[in-house]
2 protein chains.
Amino acid sequence: MTLLKLPPLLDPHVHLREPGATHKEDWDTGTAAALAGGYTQVLAMPNTQPPITDAPALALSQTAARAKARCDYGIYLGAGADNMETAAALAPHTCGLKMYLDQTFGSLRMDDLASLMAHMARWPAHKPLAVHAEGRTVAAAILVAHLAGRAVHICHVSRKDEIELIHAAKERGLQVTCEVTPHHLFLTADTPSTLARPIREGFREVRPRLATEGDRLALWAHLSAIDCFATDHAPHTIPEKTGPNPPPGFPGLETAVALLLGAVHSGRLTVEDITLRMHTNIRRIFGLPDQPDTFIEIDPDLEWTVRAQEMFSRCGWSPWEGQTLRGRVVRTVLRGKVAYEYGKVSAQPGTGKDIAQYPIPNTKD
Amino acid sequence: MTLLKLPPLLDPHVHLREPGATHKEDWDTGTAAALAGGYTQVLAMPNTQPPITDAPALALSQTAARAKARCDYGIYLGAGADNMETAAALAPHTCGLKMYLDQTFGSLRMDDLASLMAHMARWPAHKPLAVHAEGRTVAAAILVAHLAGRAVHICHVSRKDEIELIHAAKERGLQVTCEVTPHHLFLTADTPSTLARPIREGFREVRPRLATEGDRLALWAHLSAIDCFATDHAPHTIPEKTGPNPPPGFPGLETAVALLLGAVHSGRLTVEDITLRMHTNIRRIFGLPDQPDTFIEIDPDLEWTVRAQEMFSRCGWSPWEGQTLRGRVVRTVLRGKVAYEYGKVSAQPGTGKDIAQYPIPNTKD
């Protein structure tokens, strides 16, 4: 058995649910899941309760994270219709600005052009700005960012027209980057019912929705335009997913790299493709600080069956339940210390660092 | 009394309602209204019944126009979710493609990014492409056009964020042009009730809606970014406007230049501003053919009171009813013949020409 030693995985898109919904996940369980999945830095989305749109809410999230996070993290600020100045002032204390421009989970949502333009103009040009945008909204976000002279990152691209547009925009030299989730790379609106263990109704709800086989194949066809693989880890509990209004979202941190290693085995990806999109590009796009002596070890041939019961995420289920995957992270080392090893998370709550408070990098680095 | 002799007015945006709703307007009454307003070329929108989305519908409109039009005209083709190839093939027989990307009157409406991209890519780059787009959709249309390497014309811009975006896009060198209507320059959502003759409920319905005073002032502040003044002449009958679901739209051909001359009297515009935006720019943007010996004469000081009863439009009302305006077209001369003079239209039905069938211009011109 030869283990692969790789740079650690970084995830620019996770929902850790704290503050406000710690019955789904919190900074402790979410970062334990991250380490078990091979991630040492995760960027947490702001659609919590309260949403992270001002200093008091950011402080709530920071306090919880400081006490409980087991891996390093960043906290996004959420864009609202009236917090442009507040957001820009808080920028140094965050990992980026998140704008919800289309249907999603939670109350953060902006529909109008004026707010989009105002945030794009005020948020510091060197800080990441990520958008949940679908369809034509992707085009709008790219243009408004271009006119503001700044880059924009498109979250969880899921459809053919969107990836074609983004690819064309990149070819025209526009400053746009994007991420794609494993579930949009491997599932369609039809597959949940055809899996060995079908994904039941409420569990299939996710935003953006699972798309068509044509959409899925287009993502693979435009692999060169995909900068990042992000999980959009979005845990909800089983009672919530089986209730009358199942909230959208899949957990993803503990299965992502194994799914992608499956594509290595089938010849669709190389390990370098994975490292590029789960480490190198994410570090560059989001300006993430270096973590010295930090790496993961992967057993590329280890076959294992997904059992949510054995996972660290609090949500208690996985869309991949019962699937046998090949390849798994067996060890995650953070700053020289084993943080996760063969099913056991050893990094303690409170040892994770906020990337906004890392020491300023030595300019010689 | 000194009459001003000016180039004829051209309108890139009128609804003449034929085929399908000749109780509102037809090619005869609509072009009579045009001549009375000083227009010698009007471009007719395709949201008729049937909508002009294929060859048979285009032929219906052409046949009616050929028999009845009193001034020259072009006919837009309407973009649908499945007529990209048909539309591109019919391009030479039209004045342009119209895409309805937001809420409007009629059934023509496209919501998805894929159709927008497909039409933008297939419609000939040298032919006009006009969009009804509001808010973020304006940004989407500009980006998709840019990626397709073509120009786009934004119809009836009505809001501050939209005109700011368009102005910024022009400054960045993007190929975008726009038009603004007199009603958005002179009315807001509040003014209908404050006019000497208030505009009653259903009569106020128009798309884009009348906006705020801040929006209106922003249009004036960005006058340099406004390429065209277009009427969006959109007649509906009085029973329709007073009914339970009043359709949106104002008639405009017979009042537009008088309203704008009012702005000349108040010092906000010059006559050159008007000629630039009602003739020169429209001819350039839409590639309209020259009309020899064609001009209008305006009495800039003539005071007159708007009376829909005296107008040529079949709709029978005007949002400006009872208002006293200063300045009026007194004579319209088309190809050397008086077509309109002091309240009388003398051009006969069938004398108007389709701009798509003008002789090919002498390249020495």
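A brief report on the enclosed structure follows. Numbers given to residues run from 1 along each chain, matching the order in which its sequence is written. A letter from A marks each chain and a number from 1 marks each ligand, given out in the order of writing. For this predicted model, a pLDDT threshold of at least 70 governs which residues receive local features, and a threshold of 80 or more governs which side-chain atom pairs are given and counted, while totals over whole chains, interfaces and linings are taken from all residues. Only hydrogens and water are removed before side-chain values are computed, so all heavy atoms of the structure are retained for them.

Residues and elements named next belong to chain A. Secondary structure follows DSSP: runs of H or I at least 4 residues long count as helices, runs of E at least 2 residues long count as strands, and numbering of each begins at the N terminus. With respect to the helices and strands, the residue Gln 291 is situated in the loop between helix 11 (271-285) and strand 10 (295-305). The class of Gln 291 is buried, set by a relative accessible area of 7%. A C-alpha to C-alpha distance of 9.0 Å links Gln 291 and Pro 8, two positions 283 residues apart in sequence. In this structure, Gln 291 is in contact with Pro 8, Leu 10, Thr 40, Gln 41, Asp 72, Leu 334, Arg 335 and Tyr 358, ignoring residues within four places of it in sequence. Side-chain polar atoms of Gln 291 contact the side chain of Thr 40, separated by 2.6 Å. A distance of 2.9 Å separates the side chain of Gln 291 from the side chain of Asp 72, its partner in a polar contact. Relative accessibility under 20% of the residue-type maximum defines a buried residue, over 50% an exposed one, and the middle range a partly exposed one, all with a 1.4 Å probe and only protein chains included. Should any heavy atoms of two residues lie within 4.5 Å, those residues are counted as being in contact. Under the rule applied, a polar contact is a pair of N or O atoms within 3.5 Å (in protein, one hydrogen donor and one hydrogen acceptor; residues adjacent in sequence only if both atoms are side-chain atoms).

The partner chain B presents 28 residues to the 28 residues of chain A that form the contact. Regarding the contact of chain A and chain B, the summed buried area is about 2,200 Å², with carbon and sulfur atoms giving 70% of it. For the chain A face of the interface with chain B, the top three residues by lost area are Leu113(A), Arg136(A) and Leu147(A), together amounting to 34%. The working definition used for a salt bridge is a side-chain nitrogen of Lys or Arg within 4 Å of a carboxyl oxygen of Asp or Glu. Across the chain A-chain B interface, the total number found is 2 salt bridges. Residue Asp102(A) pairs with Arg136(B) through a salt bridge whose shortest N-O separation is 3.9 Å. Counting the contacts that link chain A with chain B gives 10 residue pairs in polar contact (both at pLDDT 80 or more). Considering each element in turn, the side of chain A that touches chain B owes the most residues, 9 residues, to helix 5 (residues 136-147) of chain A. A breakdown of the residues in the side of chain A that touches chain B according to their chemical character gives 16 nonpolar, 4 polar and 8 charged. By convention, the term buried area covers the 1.4 Å-probe accessible surface removed from two parts as they join, with the contributions of both added. Amino acids are sorted into nonpolar (Ala, Val, Leu, Ile, Met, Phe, Trp, Tyr, Cys and Pro), charged (Asp, Glu, Lys and Arg) and polar (every other residue, Gly among them).

Right, let's talk about the relation of the copies chain A and chain B for a bit. In this comparison the copies share one frame, found by least squares on the C-alpha atoms of residues holding pLDDT of at least 70 in both. For these two chains of identical sequence, chain A goes onto chain B by a turn of 180° and a shift of 0.0 Å along the axis, with RMSD 0.0 Å. Expressed as an axis order, the relation between the two copies is that of a two-fold axis. Measuring from the rotation axis to each C-alpha of chain A, the shortest distance belongs to Ala140(A), at 2.0 Å. A shared binding surface is used by both copies, with 100% of the interface residues of chain A retained as interface residues in chain B.

No statement about biological role is implied by the geometric values presented.
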